[in-house]
Amino acid sequence: MTNGSDDPEIQRAVRRTLGLAALRRIRRIVDADNALEAEKSRWAWRLSLFFIIAAAMVVAWIAIR
């Protein structure tokens, strides 16, 4: 009786399946990292806009006073 794990066809199929699962896992990690970076970018844009408006208001207040 032969062992099924010795079959090269089965070994290739197992390696292919494991490889695809690993690639999917890596892709999920990369997608999550990209989403985090996009969120950070949005917050940086909002904060910079807030500081620009605040600086303009301070300059206007000093000029009016």
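Residues numbered from 1 in each chain as written. Predicted model: local features only at pLDDT ≥ 70, side-chain atom pairs only at ≥ 80, totals over all residues. Heavy atoms only, no water.

Visitor: How should I be thinking about the pattern of salt bridges in this particular structure?
Guide: Where charged atoms from two side chains of opposite charge come close, those side chains can pair. The final tally for this structure, using the stated rule, is four salt bridges. The salt bridge partner of E9 is R12, with a shortest N-O separation of 2.8 Å. One end of the pair, E9, and the other, R12, are both in helix α1 (residues 8–64), three residues apart, so they sit about a helical turn from each other. A salt bridge links E39 to R42, with the shortest nitrogen-to-oxygen separation between them at 2.7 Å. Placement of both E39 and R42 in helix α1 is noted, with a separation of three residues, approximately one turn of the helix. (Salt bridge = Lys/Arg side-chain N within 4 Å of Asp/Glu carboxyl O. Helix = DSSP H or I, 4+ residues; strand = E, 2+ residues; numbered from the N terminus.)

Visitor: Even after reading the chapter, I still don't get the packing of aromatic side chains, so can you show me in this structure?
Guide: For any pair of aromatic rings, geometry is given as the distance between the ring centres together with the angle between the planes. Applying the stated criterion across every chain yields a total of one aromatic pair. Its guanidinium or amino end placed over the ring of W43, R46 lies 5.1 Å from that ring's centre, counting from NZ or CZ. (Phe/Tyr/Trp six-rings, centres within 6.5 Å; stacked < 30°, edge-to-face > 60°. Lys NZ or Arg CZ within 6 Å of the ring centre and 35° of its normal.)

Visitor: So what exactly am I meant to see when it comes to the environment of F51 here?
Guide: Locating F51 in the fold gives a position in helix α1. Separated by 36 residues in the primary sequence, F51 and R15 place their C-alpha atoms 54 Å from one another.

Visitor: How should I be thinking about a nonpolar patch on the surface in this particular structure?
Guide: Among the surface-exposed residues, L20, L23, I26 and V30 lie close enough to one another that they form a single nonpolar patch of about 340 Å² accessible area. With respect to the helices and strands, L20 occurs in helix α1. Given the relative accessible area of 40%, L20 is considered partly exposed. (Patch = residues over 30% accessible without salt bridge, like charges linked within 9 Å, V, L, I, M, F, W, Y side chains within 5 Å. Areas by Shrake-Rupley, 256 points an atom, 1.4 Å probe, with all protein chains shown as cover. Buried < 20%, exposed > 50% of the residue type's maximum accessible area, 1.4 Å probe, protein only.)

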